[in-house]
Amino acid sequence: MKIIGLYGWSGSGKTDLICRLLKKFSTFLNVSTIKHTHHNVTIDKEDKDSFKHKVSGAKEIMIWGGHNWALIHNGNDNENIVLDDLCNKFSKETDLLIIEGLKDGNFPKIEVYNSKLKREIICKKNSSTIALVYDKIDKKISDINLPIFEFSETEKISDFIINFLKIKK
């Protein structure tokens, strides 16, 4: 499984770009995603059976219906979840894993930069960054020594990822 990450400040356009890339890649690859957040994730609601299973002590709960299923894992404060553990949960059919967020992960990443947010560029301090996607050129981008792409250049960005990861079409 090949892995590429997209990271940037909240509101930078990561999700929009990932959705465009998914539409492109999913025509010839099995693509899966991870959305990383700094908060604990809760997807089961208090009035649902899966929630009742959780509060009654289940470590993991699988929800299954028709052709779809989801696994809810309930960790504790002492549990150290690492990316490799999560990658092993995906189907063996997955060709490409796109990770949104997790800027400090040790895998190739692309920063999505939005000048309107008036935030610093992160890739200057991130050695795993392989490219930068931007909304408009400003003075913060002028000294970046990486391939750069306009936010709207979905084809060029997808071709760059394919070539970088050596994915066969």
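What counts as what
- Starting afresh in each chain, residues are numbered from 1 along the sequence in its written order.
- The model is predicted, so local features are restricted to residues of pLDDT at least 70 and side-chain atom pairs to those at 80 or more, both for listing and for counting; the totals for chains, interfaces and linings are taken over all residues.
- Only hydrogens and water are removed before side-chain values are computed, so all heavy atoms of the structure are retained for them.
- Strands here mean DSSP runs of E at least two residues long; helices mean DSSP runs of H or I at least four residues long; both are numbered from the N terminus.
- The span one expects for a helix is its residue count, reduced by one, times 1.5 Å.
- Between buried and exposed lies partly exposed: a residue is buried under 20% and exposed over 50% of the maximum accessible area for its type, with that area taken using a 1.4 Å probe on protein chains only.
- Here, two residues are considered to be in contact whenever any of their heavy atoms come within 4.5 Å of each other.
- Think of a 1 Å grid over just the protein atoms. A cavity is a set of points where a 1.4 Å probe fits yet cannot get out, a pocket is an open set with protein on both sides within 12 Å along at least five of seven lines, and lining residues have an atom within 4 Å of a point.
- Grid points are joined across faces, edges and corners, and a volume is the space filled by probe spheres set on the points.
- Under the scheme applied, nonpolar residues are Ala, Val, Leu, Ile, Met, Phe, Trp, Tyr, Cys and Pro; charged residues are Asp, Glu, Lys and Arg; polar residues are all the others, including Gly.
- The rule is short: rings of Phe, Tyr and Trp, with Trp giving its six-membered ring, pair when the centres are within 6.5 Å, and they are stacked under 30 degrees, edge-to-face over 60, tilted in between.
- The arc in question is traced by the directions running from the helix axis to the C-beta atoms.
- Between N-to-C directions, angles span 0 to 180 degrees; the directions come from axes that are lines fitted to C-alpha atoms, helices contributing only their stretch in contact.
- When an angle is under 35 degrees it counts as roughly parallel; over 145 it counts as roughly antiparallel; between 65 and 115 it counts as roughly perpendicular; any other value is oblique.
- Here a crossing is taken to be left-handed if its near helix is turned anticlockwise relative to the far helix by less than a right angle, and right-handed if that turn runs clockwise.
- Any carboxyl oxygen of Asp or Glu that lies within 4 Å of a side-chain nitrogen of Lys or Arg is treated as forming a salt bridge with it.

1. Quick notes on helix H4 (residues 154–165)
The end-to-end C-alpha separation of H4 is 16 Å, in line with the 16 Å expected for 12 residues at 1.5 Å each. Among the residues of H4, Thr154, Ile157, Ser158, Phe160, Ile161, Ile162 and Leu165 are the ones counted as buried. Buried positions along H4 lie against strand E1 (2–7), helix H1 (14–25), strand E5 (96–100), strand E6 (109–113), strand E7 (129–134) and strand E8 (148–150). Lys166 sits one or two positions beyond H4 and adopts a positive phi of about 55 degrees.

2. Details of the layout of surface pockets
Taken as a whole, the second largest pocket holds about 330 Å³ of empty space. Taken together, 16 residues form the lining of the second largest pocket, with Gly8, His36, His38, Gly101 and Leu102 sitting closest to its centre. Broken down by class, the residue content of the lining of the second largest pocket amounts to 4 nonpolar, 7 polar and 5 charged.

3. Topic: the packing of aromatic side chains
This structure, assessed with the given rule, holds 3 aromatic pairs. Relative to Phe28, the ring of Phe25 has its centre 6.3 Å away and its plane inclined at 85 degrees; by these criteria the two rings are edge-to-face. For Phe28, a relative accessible area of 27% corresponds to the partly exposed category. With a centroid separation of 5.3 Å and 55 degrees between ring planes, the pair formed by Phe149 and Phe160 is classed as tilted. Of the two residues, Phe149 sits in strand E8 while Phe160 sits in helix H4, which places them 11 residues apart along the sequence. Overall, Phe149 belongs to the buried group, its relative accessible area being 10%. Looking at Phe160, the relative accessible area reads 18%, which means it is buried. An aromatic cluster is present here, built from Phe149, Phe160 and Phe164 joined pairwise through their rings.

4. Quick word on H1
When the terminal C-alpha atoms of H1 are compared, their 16 Å separation across 12 residues agrees well with the 16 Å that a helix rising 1.5 Å per residue should span. Within H1, the full set of buried residues consists of Lys14, Leu17, Ile18, Leu21 and Phe25. All buried residues of H1 fall inside an arc of 100 degrees around its axis, so they share one side. Residues of H1 that are buried make contact with E1, strand E2 (31–35), E5, E6, E7 and H4.

5. As for the packing of H1 against H4
Between H1 and H4, the least distance of the axes is 10 Å, while the angle of their chain directions is 70 degrees. Put simply, H1 runs roughly perpendicular to H4. At the point where H1 passes H4, the crossing takes the right-handed sense. Taken together, the residues of H4 that come into contact with H1 (itself represented by Leu17, Arg20, Leu21, Lys24 and Phe25) are Thr154, Glu155, Ile157, Ser158, Ile161 and Ile162.

6. Let's talk about the pattern of salt bridges
Taken as a whole, this structure holds 7 salt bridges when the rule is applied. For Glu155, the salt bridge goes to Lys24, with nearest N and O atoms at 3.2 Å. On the criterion of sequence distance, the pair formed by Glu155 in helix H4 and Lys24 in helix H1 is long-range, its members being 131 residues apart. Residue class for Glu155 comes out partly exposed when judged on its relative accessible area of 47%.

7. Observations concerning unusual backbone geometry
Working note: non-glycine residues mostly have negative phi, and peptide bonds are mostly trans. The phi torsion at Leu102 lies on the positive side, around 55 degrees, for a residue other than glycine. Relative accessible area serves as the criterion here: at 26%, Leu102 is assigned to the partly exposed category. With a phi close to 55 degrees, Lys118 is a non-glycine residue in the positive phi region. Secondary-structure assignment places Lys118 in the loop between E6 and E7.

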